[in-house]
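Listed below are the residues making up each chain.
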Amino acid sequence: MSLIEIKENEVSMTYTDPRIVRSIYGQLVRECGGVDAASALLGVAKGTISKQLSGQAEIGYTQVAVLEDTVGRYPLTDLLSRRREAAIGCGELGILAETAVTEVGDVAPAILRLISSGNADQLLKELPEAISALQALVDRAREGG
């Protein structure tokens, strides 16, 4: 098993372990001022928050997002981001590069279709998407990768 596989498994296990998600959610609830404040902020009953913290009720991502935005920390979002990075083996720059390559790959068939049929619809869809993806990659690379 390679180091990447070990890291992927660790991230996946962490993500799928409901205790970790509940722990992060509990930290966010405490940082928002406790169960009373979180229930008021989220518009749910205090009992719902308590059940979520004990594992008796599902924790919705929208609720997590509201709490993360409130405290200005994004631990669950970061965990999910690390999961994606581990799954594809790269960080944000790699994700942008992957998107750019995919979008640019869609342009050549669109050009051929334009040449063969005179229909520009596919090119008018694919070319702006490719340009946007390439610009995002260039911008990120200029920021220092």
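As a starting point, this report considers the structure included with it. (Residues numbered from 1 in each chain as written. Predicted model: local features only at pLDDT ≥ 70, side-chain atom pairs only at ≥ 80, totals over all residues. Heavy atoms only, no water.)

**Some words on the side chain of Glu68**
And then number 1: On the secondary structure map, Glu68 appears in helix α5 (residues 61-71).
And then number 2: Side chain to side chain, Glu68 and Thr77 meet in a polar contact 2.6 Å long.
And then number 3: Aside from chain neighbours lying at most four places away, what touches Glu68 is Leu28, Tyr61, Arg73, Tyr74, Pro75, Leu76 and Thr77. (Helix = DSSP H or I, 4+ residues; strand = E, 2+ residues; numbered from the N terminus. Polar contact = N/O pair within 3.5 Å; in protein donor to acceptor, adjacent residues only side chain to side chain. Contact = heavy atoms within 4.5 Å.)

**So, the pattern of salt bridges**
And then number 1: In this structure the tally under the stated criterion is 5 salt bridges.
And then number 2: Lys125 is the partner of Glu126 in a salt bridge, and the nearest nitrogen-oxygen pair spans 3.2 Å.
And then number 3: Taking the shortest distance from any N to any O, the salt bridge between Glu143 and Arg140 comes out at 3.7 Å.
And then number 4: A residue is classified by how much of its surface remains accessible, and Glu143, at 62% relative accessible area, is exposed. (Salt bridge = Lys/Arg side-chain N within 4 Å of Asp/Glu carboxyl O. Buried < 20%, exposed > 50% of the residue type's maximum accessible area, 1.4 Å probe, protein only.)

**Considerations on the nonpolar core**
And then number 1: In terms of nonpolar packing, the biggest core is built from 14 residues, with Tyr25, Val29, Ile49, Val64, Leu67 and Leu76 touching the most fellow members.
And then number 2: Of all elements in the fold, only α2 (18-31), α3 (35-42), α5 and α6 (75-88) reach the threshold of two or more residues within this core.
And then number 3: Here the element with the most residues in this core is α2; it accounts for 5 residues. (Core = buried A, V, L, I, M, F, W, Y, C linked by side-chain atoms within 4.5 Å.)

**Looking at the side chain of Glu103**
And then number 1: Looking at the secondary structure, you find Glu103 in helix α7 (residues 92-105).
And then number 2: Lacking a salt bridge, the buried Glu103 has Lys125 as its closest oppositely charged neighbour, with an N-O distance of 6.1 Å.
And then number 3: Once residues lying within four places of it in the same chain are set aside, the contact partners of Glu103 are Glu126, Glu129, Ala130 and Ala133. (Lys, Arg positive; Asp, Glu negative; His and termini not counted.)

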